[in-house]
Amino acid sequence: MKKIYKRQPTIRTLPKHSNINSNGHIFGGWILSQMDSAAGIEAIRRVGGPVATIAIEAMKFHAPVNIGDWLSVYTDISKVGNTSLTIHIEVTVVSRDNEEETVVTEGDFIFVALDENNRPKKIER
């Protein structure tokens with residue numbers, strides 16, 4: 001039976017053997033970079049132009065990621081300010097042995113909208 005997912009991830013990828021840490025799991029820094037990329041995509045969509053990551057808050061790793069896990073990164077805008085926005089990120093995996101998604105990592109990333117001089121600019125409401 002084919003699994004139908006109710007939401008679409010911003011990024012979906014498979015980790016490679018080069019992303020393994022010394023414990024045999026996927027390196028947390030690689031997961032963090034996937035989260036930052038996905039949140040950046042969401043921020044650019046909302047702002048309509050360049051953004052920069054200015055903070056990472058509430059970062060939590062719930063479970064390890066293994067080679068062969070299908071990694072999905074979901075993003076939701078949780079707050080929009082004058083020049084910045086907060087993106088909540090949830091990372092899930094579907095393993096070879098299980099069709100259910102399992103949340104492995106989550107966090108909140110803050111981005112600032114940038115003007116042509118790389119200075120903060122007002123975000124249109």
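A brief structural summary.

**Let's talk about the sheet that holds strand β2 (residues 51-61)**
Taken in spatial order, the 5 strands make up an open sheet running β1-β3-β4-β5-β2, and their pairing is antiparallel. Two strands close off the open sheet at either side, each with one partner strand: β1 (11-13) and β2. Across this sheet, the average inter-strand angle for adjacent strands is 20°, counted without regard to direction. As judged from the 3 bridges shared by β1 and strand β3 (residues 70-80), these two strands associate in the antiparallel manner. When the sheet's bridge partners are listed, Ile11 is paired in β3 with Val73.

**Quick look at the pattern of salt bridges**
On inspection of all chains with the given rule, the structure shows 2 salt bridges. Measuring nitrogen to oxygen at the nearest pair gives 2.4 Å for the salt bridge that ties Glu90 to Arg7. Of this pair, Glu90 sits in strand β4 (residues 84-94) while Arg7 sits in the segment before β1; the two residues are 83 residues apart in sequence, bridging distant segments of the chain. The partly exposed category is assigned to Arg7, whose relative accessible area is 33%. The shortest N-O distance in the salt bridge between Glu42 and Arg45 comes to 3.5 Å. Taken together, the positions of Glu42 and Arg45, both in helix α1 (residues 28-47) and 3 residues apart, correspond to about one turn of that helix. Assessed through its relative accessible area of 15%, Glu42 is described here as buried.

**Remarks on the nonpolar core**
Grouped burial of nonpolar side chains is what soluble globular proteins tend to show. With 23 residues, the main nonpolar core has Ile89, Val91 and Phe111 as its most contacted residues. When residues of this core are traced back to their parent elements, those giving at least two are α1, β3, β4 and β5 (102-113). By residue number, the principal contributor to this core is α1, which donates 7 residues. Those residues in contact with Phe111 that lie beyond four places of it in its chain are Asp36, Ala39, Gly40, Ala43, Val51, Ala52, Thr53, Ile54, Thr83, Ser84, Leu85 and Ile87.

**Notes on the packing of aromatic side chains**
Here the structure, examined in full by the defined rule, presents 0 aromatic pairs. When the ring centre of Tyr74 is taken as reference, the NZ or CZ atom of Arg7 above it lies at 3.7 Å.

**Overview of unusual backbone geometry**
In the Ramachandran plot, Ala58 falls in the positive-phi region, its phi being about 55° despite a non-glycine side chain. The topology assignment puts Ala58 in strand β2. Of the residues examined, Ala58 reaches a relative accessible area of 56% and is grouped as exposed.

**Some remarks on the pairing of β3**
Where β3 meets β4, 10 bridges bridge the pair, whose relative direction is antiparallel. The partner of Thr75 across the bridge, within β4, is Ile89. The antiparallel pairing of β3 with β4 creates a hairpin that spans 3 residues between the two strands.

**Topic: α1**
For α1, with 20 residues, the first-to-last C-alpha span of 28 Å sits near the 28 Å given by 1.5 Å per residue. The set of residues buried in α1 consists of Trp30, Ile31, Gln34, Met35, Ala38, Ala39, Gly40, Glu42, Ala43 and Val47. Those residues of α1 that are buried are in contact with β1, β2, β3, β4 and β5. Directly after α1, the chain includes Gly48, whose backbone phi takes a positive value near 80°.

What counts and what doesn't
- Residues numbered from 1 in each chain as written.
- Predicted model: local features only at pLDDT ≥ 70, side-chain atom pairs only at ≥ 80, totals over all residues.
- Heavy atoms only, no water.
- Pairing = 2+ DSSP bridges.
- Helix = DSSP H or I, 4+ residues; strand = E, 2+ residues; numbered from the N terminus.
- Axes fitted to C-alpha atoms, helices over the stretch in contact; angles between N-to-C directions.
- Salt bridge = Lys/Arg side-chain N within 4 Å of Asp/Glu carboxyl O.
- Buried < 20%, exposed > 50% of the residue type's maximum accessible area, 1.4 Å probe, protein only.
- Core = buried A, V, L, I, M, F, W, Y, C linked by side-chain atoms within 4.5 Å.
- Contact = heavy atoms within 4.5 Å.
- Phe/Tyr/Trp six-rings, centres within 6.5 Å; stacked < 30°, edge-to-face > 60°.
- Lys NZ or Arg CZ within 6 Å of the ring centre and 35° of its normal.
- Expected span 1.5 Å × (residues − 1).

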